[in-house]
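Next come the chains, spelled out residue by residue.
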Amino acid sequence: MIAGDLLTQTVVNGLLLGGIYAVAALGLSLVFGIMDIVNLAHGHMLMVGGYVAVILFSSVGLTPLVGMFVAMVVLFALGVALQEVLLDRVVDEGMEQPILVLFGFALVLQNLGQFFLSSDAQSTDIGIAGSGFTVAGAFFSFPRTVTFVVSVVLILLTWLFLRYTRTGQAIRATAQNKTAARYMGIDTDRIYLITLGVGTALAGAAGALLSMLFPVDPYVGWSYLLKAFAVVVLGGVGSVIGTLVGGLFLGVSENVGALYLGGSYRDIITFSIFLLVLLVRPQGLFGTGGGSE
Amino acid sequence: MMDPVADRWAAAGRRGKVGAALVVLLLAAVPLVTTPYITEIVLTGLVLVMLGVSWNMLAGYAGQISLGHAAFFGLGAFVTAWLVSPSGAGLPESIAQPALVAIFVGALVAALLALLVGPIMFRLRGHYFAIGTLALATIIQLILVDQRQYTGGSTGYFITGGPDDLVMYLVALALTLVTVVVTYAVVESRPGLGMKAIHDDESAASSLGVNPLKYKMFAFVLSSFFAGLAGGLYAQYTAFISPDSTLGVVWTIDTLVVVILGGMGTMAGPLLGAALFIVLDNFLSSIVGGLATSVEGALIILFVIFLPGGLYGFVRDRTSDERPPASGEPSVDGRSSDD
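Presented here is a report on the structure given in the accompanying data block. Sequence order sets the numbering: in each chain, residues are counted from 1 along the sequence as written. Written order determines the labels here, with chains lettered from A and ligands numbered from 1. For this predicted model, a pLDDT threshold of at least 70 governs which residues receive local features, and a threshold of 80 or more governs which side-chain atom pairs are given and counted, while totals over whole chains, interfaces and linings are taken from all residues. As a convention, hydrogens and water are excluded, and side-chain values are obtained from all of the structure's heavy atoms.

## So, helix 16 (residues 310–318) of chain B
Residue and element names in this part refer to chain B. Relative accessibility decides the category of a residue: with a 1.4 Å probe and only protein chains considered, values under 20% of the type maximum give buried, values over 50% give exposed, and everything between is partly exposed. Secondary structure elements follow DSSP: runs of H or I of four or more residues count as helices, runs of E of two or more count as strands, with numbering from the N terminus. Three or more residues of helix 16 are buried, namely Gly 310, Tyr 312, Gly 313 and Arg 316. Buried residues of helix 16, viewed axially, fall in a sector of 110°; they line one side. Looking at the buried residues of helix 16, the elements they touch are helix 13 (249–262), helix 14 (268–288) and helix 15 (292–306). What the arc describes is the spread of directions from the helix axis to the C-beta atoms. Contacts are residue-level and defined by heavy atoms, with any inter-residue pair within 4.5 Å sufficient.

This is the structure we're talking about:
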């Protein structure tokens, strides 16, 4: 049997990782809830964010915690460009066209990563990997704790943005009823631009944070997409708090599952949980609906 | 069920019949008059035709965008490999079967998987179905990568035995013809009408007495059968199999490229698309090298946005006097959507 303190440690590690998963999923959830588009390239945008952090770290020694902001700016610009140049032409054409366009975009990002940055995994080890502190028998490593705190702050800021700024209110109005929002004078095209920008900026942040814990390679995109979508399904489309809970749940179940069944089953467990939840409660464990279905 | 094919064949006119027969004869002559290198390229094209035609039935006609086609291709390939050379995967030699039987069983197993998971997967709609099939395919791939004693792990293994390449090529050509004709018969007859009705408006079709699940399942199981058939053929011909390449998302990608370039929701689309893809695939890598996948991705984007009818739609529009405009074939651009 697995000792109790090992289980506690695994749960703590899972919770700390779950914060990043929540950030990764929040952008996907926002875009899905507001534009009714599943960004199939979301995982690949995480990858780009990770690479931005890796490159800044290895070339000029910038810590990923600062590199994260650069990644967010880069990904915001990428998201806005994607919406302006490509998605804007198909966003109102139903589900097929946007999902296929984004599939193509994901392929391009993956291939460019492979071509220019090699297929080898790279990470940002800022030299604090082994350090940390112990609370009630559980070890809180600095990288995991710092990334968790940053993640929660990012989620909180996103929530405040949606709740209290005029743009945030316009975004929520557009999510509720696009036509009505338009009649009320909201420039929904601009809202779509901002939504995709914010959504992909959050993917950039999550990618940069993840680079502190796991190596980045060009193929992580699909796996991160499925993980982020799993969190969206767990938490309910468009729900900020639900996303946080879903992220923590996924982080813990993934780590505990891997503890009992072996590391190679980590993703199998995650995607199986995801499919199960999707089948039992398509609106999410904590969601009230929204999006399609 | 074969009536629509017979009718269309009768109505095709002499030029059409001669043309179709000529194409088949030319394809049959490829291994005799060209190099093994070119033969393998053409065979890959035939496999892509099977994959494209089968995915198109599910996505282009029934409107169910699956991102898990590689799983059924890969499963057909692995079952075929296990039955042709069981010892390579540590299985008892007593289950060994001739290659043709093995390929057929592989396709049946792929169809059986679709039959089992179909009712579950079709609880998901639209985006959820697309992501759900991607997750399913990823799970199957991860399990087979993990079960290295049966799959050769990430290095894969070689298949020994089976007919020589010429026989396999001709079998592949024959089975491609079967795939095309059967799929054509299906989409042109009653089940095909049901699929198109679901695609256009599922709730309206449902309220008019069309059972959506029945037609979605029909498309899914048949589509998976042909994907499995393609997988088995390809594994037997190339005599090599590995979970990473044979089950990889790359087969789903290639299938999508073939159908989108050729024209989604049309019968000729995947045929044209596969031909174009083979040309692109062999010229692209010599021109753009490692960036070939980027070009493919960019082509998907450009075609979906600017040429949603694909190459076939483009040609049809240019020569529209030869066909009545209301052909009844749904294209990606000309349909209502409420997903």
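## Considerations on the packing of helix 3 (residues 64–85) of chain A against helix 8 (residues 188–210) of chain A
For any two helices packed against each other, the geometry is given by the interaxial angle and the distance between the axes. All names here are of chain A. With axes taken as lines fitted to C-alpha atoms, and helix axes fitted only over the stretch in contact, angles between N-to-C directions fall between 0 and 180 degrees. Running from N to C, helix 3 and helix 8 cross one another at 145°; their axes reach a closest spacing of 7 Å. In this structure, helix 3 meets helix 8 at a crossing whose hand is right-handed. On the side of helix 3, the interface is formed by Pro 64, Leu 65, Met 68, Ala 71, Met 72, Leu 75, Phe 76, Gly 79, Val 80, Leu 82, Gln 83 and Glu 84, while helix 8 contributes Tyr 192, Leu 193, Ile 194, Leu 196, Gly 197, Val 198, Thr 200, Ala 201, Gly 204, Ala 205, Ala 208 and Leu 209. Of the residues in the contact of helix 3 with helix 8, the class split is 18 nonpolar, 5 polar and 1 charged. Left-handed describes a crossing whose near helix is turned anticlockwise from the far helix through less than a right angle; right-handed describes the clockwise counterpart. Polarity classes work like this: nonpolar for Ala, Val, Leu, Ile, Met, Phe, Trp, Tyr, Cys and Pro, charged for Asp, Glu, Lys and Arg, and polar for all others, with Gly in that last group.

## A word on helix 10 (residues 240–261) of chain A
Residues and elements named next belong to chain A. Expected span of a helix, by definition, is 1.5 Å for each gap between consecutive residues, and there is one gap fewer than residues. Between its terminal C-alpha atoms helix 10 stretches 31 Å, which fits the 32 Å expected from 22 residues at 1.5 Å a residue. Within 3.5 Å is the distance limit for a polar contact, defined as a pair of N or O atoms, with the added protein rule that one can donate a hydrogen and the other accept it, and that residues adjacent in sequence qualify only through two side-chain atoms. One side-chain oxygen at the N-terminal end of helix 10 lies 2.9 Å from the backbone nitrogen of Gly 242; it belongs to Ser 239. Of the residues flanking the end of helix 10, it is Gly 262, one or two places downstream, whose phi is positive at about 105°.

## Here's the deal with the packing of aromatic side chains
Planes of paired rings set the category: under 30 degrees apart is stacked, over 60 is edge-to-face and the rest tilted, where pairs are Phe, Tyr or Trp rings (Trp by its six-membered ring) whose centres lie within 6.5 Å. Summed over all chains, the structure comprises 20 aromatic pairs over all chains. A ring pair is formed by A:Trp159 and A:Tyr164, whose centres lie 6.4 Å apart and whose planes are at 85°; its orientation type is edge-to-face. With a relative accessible area of 31%, A:Trp159 lands in the partly exposed category. Judged by centre distance (5.0 Å) and plane angle (70°), the rings of B:Tyr234 and B:Trp251 are edge-to-face. Within this pair, whereas B:Tyr234 is found in helix 11 (residues 212–238), its partner B:Trp251 is found in helix 13, the two being separated by 17 residues in sequence. The two residues B:Tyr234 and B:Trp251 agree in class, both being buried. The structure contains a cluster of three or more aromatic residues connected by ring pairs, namely A:Phe32, A:Phe229, A:Phe274 and B:Tyr128.

## Quick look at the packing of helix 8 (residues 165–188) of chain B against helix 11 of chain B
Residue and element names in this part refer to chain B. Packing of helix 8 against helix 11 leaves a shortest axis separation of 10 Å and a crossing angle of 170°. Classed by the angle they form, the pair helix 8 and helix 11 counts as roughly antiparallel. Of the residues in helix 11, those touching helix 8 at Asp 165, Met 168, Tyr 169, Val 171, Ala 172, Leu 175, Thr 179, Val 182, Thr 183 and Val 186 are Phe 218, Leu 222, Phe 226, Leu 229, Leu 233, Gln 236 and Tyr 237. Each residue belonging to the contact of helix 8 with helix 11 can be placed in one class, and the counts come to 13 nonpolar, 3 polar and 1 charged. Each angle gets one of four labels, with under 35 degrees taken as roughly parallel, over 145 as roughly antiparallel, 65 to 115 as roughly perpendicular, and the rest as oblique.

## Some details on the nonpolar core
Buried Ala, Val, Leu, Ile, Met, Phe, Trp, Tyr and Cys residues form a nonpolar core when they are joined through side-chain atoms within 4.5 Å. Grouped together as the largest cluster of nonpolar side chains are 200 residues, with contacts concentrated most on A:Leu40, A:Phe103, A:Phe229 and A:Phe274. The contacts of A:Phe229, once residues within four sequence positions are left out, are A:Leu28, A:Phe32, A:Val38, A:Phe274, B:Tyr128 and B:Ile131.

## Quick notes on a nonpolar patch on the surface
All names here are of chain A. Taken together, the side chains of Val 149, Val 153, Leu 156, Leu 157, Trp 159, Leu 160, Tyr 164, Ile 241 and Val 245 make up a nonpolar region of the molecular surface, amounting to roughly 830 Å² of accessible area. When residues in the nonpolar patch are grouped by element, the largest group, 7 residues, is from helix 5 (residues 142–164). As for its position among the elements, Leu 157 is in helix 5. Put simply, a patch holds well-exposed residues, over 30% relative accessible area, that have no salt bridge, with like charges counted together within 9 Å and Val, Leu, Ile, Met, Phe, Trp or Tyr side chains within 5 Å. Per-residue and other accessible areas were derived by the Shrake-Rupley procedure at a 1.4 Å probe size, with only the shown protein chains allowed to occlude residues. Salt bridges, as used here, are contacts in which a Lys or Arg side-chain nitrogen is within 4 Å of a carboxyl oxygen on Asp or Glu.

## A closer look at the interface of chain B and chain A
Each partner contributes residues to the interface: chain B has 48 residues there, and chain A has 44 residues. Each partner contributes to the roughly 4100 Å² buried at the junction of chain B and chain A, and carbon and sulfur atoms together form 75% of this total. Our count for the chain B to chain A interface comes out at 0 salt bridges. Our enumeration of links across chain B and chain A arrives at 8 residue pairs in polar contact (both at pLDDT 80 or more). Of all the secondary-structure elements, those providing two or more residues to the side of chain B that touches chain A are helix 5 (99–121), helix 6 (126–146), helix 13 and helix 15 of chain B. If you tally residues by element for the side of chain B that touches chain A, the top one is helix 6 of chain B, at 14 residues. Within the side of chain B that touches chain A, the residues separate by chemical class into 30 nonpolar, 12 polar and 6 charged. When two components associate, each loses some accessible surface as probed by a 1.4 Å sphere; the sum of these losses over both components is called the buried area.

## Some points on unusual backbone geometry
Even without being a glycine, A:Asp36 presents a positive backbone phi close to 60°. Secondary-structure assignment places A:Asp36 in the loop between helix 1 (4–35) and helix 2 (42–60). Residue A:Asp36 is classed as partly exposed on the basis of its relative accessible area of 27%. Although it is not a glycine, B:Ala239 adopts a positive phi angle of roughly 60°. Within the secondary structure, B:Ala239 is located in the loop between helix 11 and strand 2 (240–241). A relative accessible area of 23% places B:Ala239 in the partly exposed class.

## What about the pairing of strand 2 (residues 138–141) of chain A?
All names here are of chain A. Think of it this way: DSSP has to see at least two bridges between two strands before they count as a pair. Across 4 bridges, the pairing between strand 1 (residues 132–135) and strand 2 is antiparallel. In the sheet register, Phe 133 faces strand 2, and the bridge partner there is Phe 140. Here strand 1 hands over to strand 2 after 2 residues, with Ala 136 in that stretch at a positive phi of 50°.

## Re the side chain of A:Ser253
Of note, A:Ser253 is situated in helix 10. A polar contact is formed between the side chain of A:Ser253 and the backbone oxygen of A:Leu250, at a distance of 3.2 Å.

## Some thoughts on the side chain of A:Lys227
Residue and element names in this part refer to chain A. Inspection of the secondary structure assignment puts Lys 227 in helix 9 (residues 220–235). Engagement of the side chain of Lys 227 in a polar contact is seen with the side chain of Glu 254, the distance being 3.4 Å. Discounting chain neighbours no more than four positions away, the residues touching Lys 227 are Tyr 21, Leu 250, Glu 254, Asp 267, Thr 270 and Phe 271.

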